[in-house]
Amino acid sequence: MADSQLYLDTFTIRPPPPGKDGLEPPCIIANKYDRVLRLKATSSDNSTLLSLDINTDMFQVSKGDTIEVLLASTLNLDGSKDAPEKGWRETGEQTLADMWDYVCYGRVYRFEEGAVGGDSINVYASFGGLLMELKGPYKKLTSLRINHVYLLVKK
């Protein structure tokens with residue numbers, strides 16, 4: 001299972017650090033779409049910032065909640081690649097999705113490397129139009145340089 005795990009961290013839903021104007025941005029932003037919220041969260045070691053659109057009909061969060069986020073290359077427990085000809089999964093077959101509350105499949109579409117020393121990176125992904133941005137150390141996020149990824153979240 002470890003081979004399929006590209007990134008795993010625990011986040012607390014709270015505002016990111018204040019901007020240049022000194023104002024603290026909100027940690028949960030209501031989008032113009034029904035049933036979608038954009039949450040802002042900080043990793044447990046304060047090195048990574050997460051911005052994530054979620055479907056509120058499927059997963060409820062509020063300020064101060066702690067969530068665990070996993071980005072994986074496959075849902076197969078043994079780490080083997082997904083077999084498109086096999087379909088979603090065999091009846092009764094266990095996958096990573098069974099252990100998480102919120103699961104999406106999407107595409108990593110952009111990387112932005114930090115200008116200062118190149119030690120930070122921004123990773124952008126889309127999960128059917130729901131967007132994710134991860135900002136953090138290059139060493140923690142470099143494994144996300146792939147096309148497709150599964151997002152798994154639980155409280």
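- The chain has the name DNA-directed RNA polymerases I, II, and III subunit RPABC3 in an unreviewed UniProt entry, where Tothia fuscella is given as its organism.
- UniProt's Subcellular location (unreviewed entry) comment on the chain is quoted here verbatim: "Nucleus".
- The annotation that UniProt attaches to the chain under Sequence similarities (unreviewed entry) is "Belongs to the eukaryotic RPB8 RNA polymerase subunit family."

### Considering the pairing of strand β9 (residues 148–154)
Logical step 1: Here β9 lies mainly inside the structure; five of its seven residues are buried.
Logical step 2: Strand direction decides the pairing type here: strand β5 (residues 66–72) and β9, joined by five bridges, are antiparallel. Residue pairing in the sheet places Ala72 in a bridge with Tyr150 of β9.
Logical step 3: Bridge analysis of strand β6 (residues 102–113) against β9 gives six bridges, and the strand direction is antiparallel. In the strand pairing of β9, Tyr102 is matched with Val153.

### Digging into the packing of aromatic side chains
Logical step 1: Within the structure shown, the criterion is met by four aromatic pairs.
Logical step 2: When the ring of Tyr7 is compared with that of Phe11, the centres are 6.5 Å apart and the planes differ by 45 degrees; the resulting orientation is tilted.
Logical step 3: Judged by centre distance (4.7 Å) and plane angle (50 degrees), the ring pair of Tyr105 and Tyr150 falls under tilted. Placement of the pair is Tyr105 in strand β6 and Tyr150 in strand β9, with a sequence separation of 45 residues.
Logical step 4: Its guanidinium or amino end placed over the ring of Trp100, Lys154 lies 4.5 Å from that ring's centre, counting from NZ or CZ.

### Some words on the environment of Asn55
Logical step 1: Take Asn55: it is sitting in strand β4 (residues 49–55).
Logical step 2: What makes Asn55 partly exposed here is its relative accessible area of 21%.
Logical step 3: Residues Asn55 and Tyr33, 22 residues apart in the sequence, show an inter-C-alpha distance of 9.9 Å.

### Focus: unusual backbone geometry
Logical step 1: With a phi angle near 65 degrees, Arg35 is a residue other than glycine that sits in the positive phi range.
Logical step 2: With respect to the helices, strands and loops of the structure, Arg35 is situated in the loop between β2 (28–30) and β3 (36–43).
Logical step 3: Assessed through its relative accessible area of 49%, Arg35 is described here as partly exposed.

### Some points on the pairing of strand β7 (residues 120–127)
Regular strands place side chains that alternate from one sheet face to the opposite one.
Logical step 1: Burial within β7 is extensive, with six of its eight residues counted as buried.
Logical step 2: Pairing between β6 and β7: six bridges, direction antiparallel. Looking across to β7, one finds that Glu112 is bridged to Asn122.
Logical step 3: Following β7, the chain reverses through two residues before pairing antiparallel with strand β8 (residues 130–137); Gly128 in that reversal takes a positive phi of roughly 65 degrees.

### What about the confidence of the model for the chain?
One rule of thumb: low pLDDT means the predicted coordinates there are not for detailed reading.
Logical step 1: Of the residues in the chain, 78% reach a pLDDT of 70 or more, and the chain-wide mean stands at 84.
Logical step 2: Mean pLDDT across the elements of the chain bottoms out in β2 (60) and peaks in β5 (97).

### Comments concerning the environment of Leu96
Logical step 1: By the secondary structure assignment, Leu96 is in the loop between β5 and β6.
Logical step 2: A C-alpha to C-alpha distance of 10.0 Å links Leu96 and Leu70, two positions 26 residues apart in sequence.

### Brief notes about the pattern of salt bridges
Pairing between side chains of opposite charge can happen when their charged atoms approach one another.
Logical step 1: For the structure on display, the rule yields eight salt bridges.
Logical step 2: One salt bridge connects Lys140 with Asp45, and the closest N-O pair in it is separated by 3.3 Å. On the criterion of sequence distance, the pair formed by Lys140 in helix α1 (residues 138–141) and Asp45 in the loop between β3 and β4 is long-range, its members being 95 residues apart.
Logical step 3: Among the residues examined, Asp45 registers a relative accessible area of 45% and is labelled partly exposed.
Logical step 4: Here the salt bridges do not stand alone but share partners, grouping Asp9, Asp45 and Lys140 into one network.

Criteria and thresholds
Residues numbered from 1 in each chain as written. Predicted model: local features only at pLDDT ≥ 70, side-chain atom pairs only at ≥ 80, totals over all residues. Heavy atoms only, no water. UniProt positions renumbered as here; feature names shortened; annotations may be inferred. Buried < 20%, exposed > 50% of the residue type's maximum accessible area, 1.4 Å probe, protein only. Helix = DSSP H or I, 4+ residues; strand = E, 2+ residues; numbered from the N terminus. Pairing = 2+ DSSP bridges. Phe/Tyr/Trp six-rings, centres within 6.5 Å; stacked < 30°, edge-to-face > 60°. Lys NZ or Arg CZ within 6 Å of the ring centre and 35° of its normal. pLDDT = per-residue confidence, 0-100. Salt bridge = Lys/Arg side-chain N within 4 Å of Asp/Glu carboxyl O.

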